[in-house]
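# Architecture and fold: a report
Now for the letters of each chain:
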Amino acid sequence: IFSDCFFCIFKFLMFIFIWLSLNAVPFYPDPTQFDLSSDYYDAKATSDKPRWVVVEVTYQSHLNKLVSLKDIKANNNITEIALKKGGRLSIMPVTKNDWDEIIKMAQ
């Protein structure tokens, strides 16, 4: 399992990618879903069937250069990323090949 991820921020009409690493801690139920005073309280969540989980991440670095969505779509070496198949940013897997290519574009 590839344990790094990109976090994308839309700023100044550009997508800015930040490199994060998933921590070794396994995901766990988000405690705010059970807290009545929290804005994130979820009445349908139970300890047996939580509806939200926490994934801890650690900042690695900003990429050296901005990598735009337009650049990603124009790069023929990036073949599997869902960003090329649809226009919506979301949580999506990135193959090692595509990951390496985006890192290379940012150097």
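The coordinates are above.
Below you will find a few notes about this structure. Residue numbers restart at each chain and count upward from 1, following the sequence in its written direction. It should be noted that, the model being predicted, local features are given only for residues of pLDDT at least 70 and side-chain atom pairs only at 80 or more, the latter also being counted only at that level, while totals for whole chains, interfaces and linings use all residues. Hydrogens and waters are ignored; side-chain quantities use all the structure's heavy atoms.

## Quick notes on the overall build of the protein chain
Along its length, the protein chain carries two helices and five strands. Secondary structure elements in the protein chain, listed N-terminal to C-terminal, are β-β-β-β-β-α-α. Burial statistics for the protein chain: of 107 residues in total, 25% are counted as buried. The contact criterion used throughout is that any non-hydrogen atoms of two residues lie within 4.5 Å. Once local pairs closer than 6 in sequence are excluded, the contacts in the protein chain between residues at least 24 apart make up 49%. Per element, the accessible surface of the protein chain, about 7900 Å² overall, is 59% carbon and sulfur. Helix and strand definitions here come from DSSP, where helices need a minimum of 4 consecutive H or I residues and strands a minimum of 2 consecutive E residues; each element is numbered from the N-terminal end. Each residue is placed in one exposure class: buried if its accessible area under a 1.4 Å probe, protein chains only, is under 20% of its type's maximum, exposed if it is over 50%, and partly exposed if it falls in between. Values of accessible area rely on a 1.4 Å probe in the Shrake-Rupley scheme; residue burial ignores everything except the protein chains shown.

## Overview of the nonpolar core
Side-chain atoms within 4.5 Å are what join buried Ala, Val, Leu, Ile, Met, Phe, Trp, Tyr and Cys residues into a set we call a nonpolar core. Counting twelve residues, the largest nonpolar core consists of Leu63, Val67, Leu69, Ile72, Ile78, Ile81, Leu83, Trp99, Ile102, Ile103, Met105 and Ala106. Going through the elements one at a time, helix H1 (69–74) and helix H2 (96–105) are the ones with two or more residues in this core. For this core, the leading source of residues is H2, giving four residues. Residues in contact with isoleucine 78, not counting those within four places in the same chain, are Ile72, Lys84, Asp98, Glu101, Ile102 and Met105.

## Observations concerning the pattern of salt bridges
Salt bridges, as used here, are contacts in which a Lys or Arg side-chain nitrogen is within 4 Å of a carboxyl oxygen on Asp or Glu. Going through the model one piece at a time under the given rule, you end up with three salt bridges. Among the ionic pairs, aspartate 42 bridges to arginine 51, the shortest N-O distance being 2.7 Å. On the basis of relative accessibility, which here comes to 10%, the residue aspartate 42 falls in the buried class. For arginine 51, a relative accessible area of 46% puts it in the partly exposed group. For aspartate 100, the salt bridge identified is with lysine 96, shortest N-O distance 3.0 Å.

## Topic: the side chain of glutamate 101
Relative to the assigned elements, glutamate 101 resides in helix H2. Overall, the relative accessible area of 10% leaves glutamate 101 in the buried class.

## Regarding the side chain of aspartate 42
Checked against the element boundaries, aspartate 42 lands in the loop between strand S3 (28–29) and strand S4 (53–54). Each residue touching aspartate 42, except ones within four places of it in the same chain, is listed here: Gln33, Arg51 and Trp52.

## Section: a nonpolar patch on the surface
Each patch is assembled from residues with relative accessible area greater than 30% and no salt bridge, linking like charges that lie within 9 Å and nonpolar side chains (Val, Leu, Ile, Met, Phe, Trp, Tyr) that lie within 5 Å. A cluster of nonpolar side chains, Phe27, Val53, Val55 and Val57, forms an exposed patch at the surface whose accessible area comes to about 370 Å². Within the secondary structure, valine 55 is located in the loop between S4 and strand S5 (57–62).

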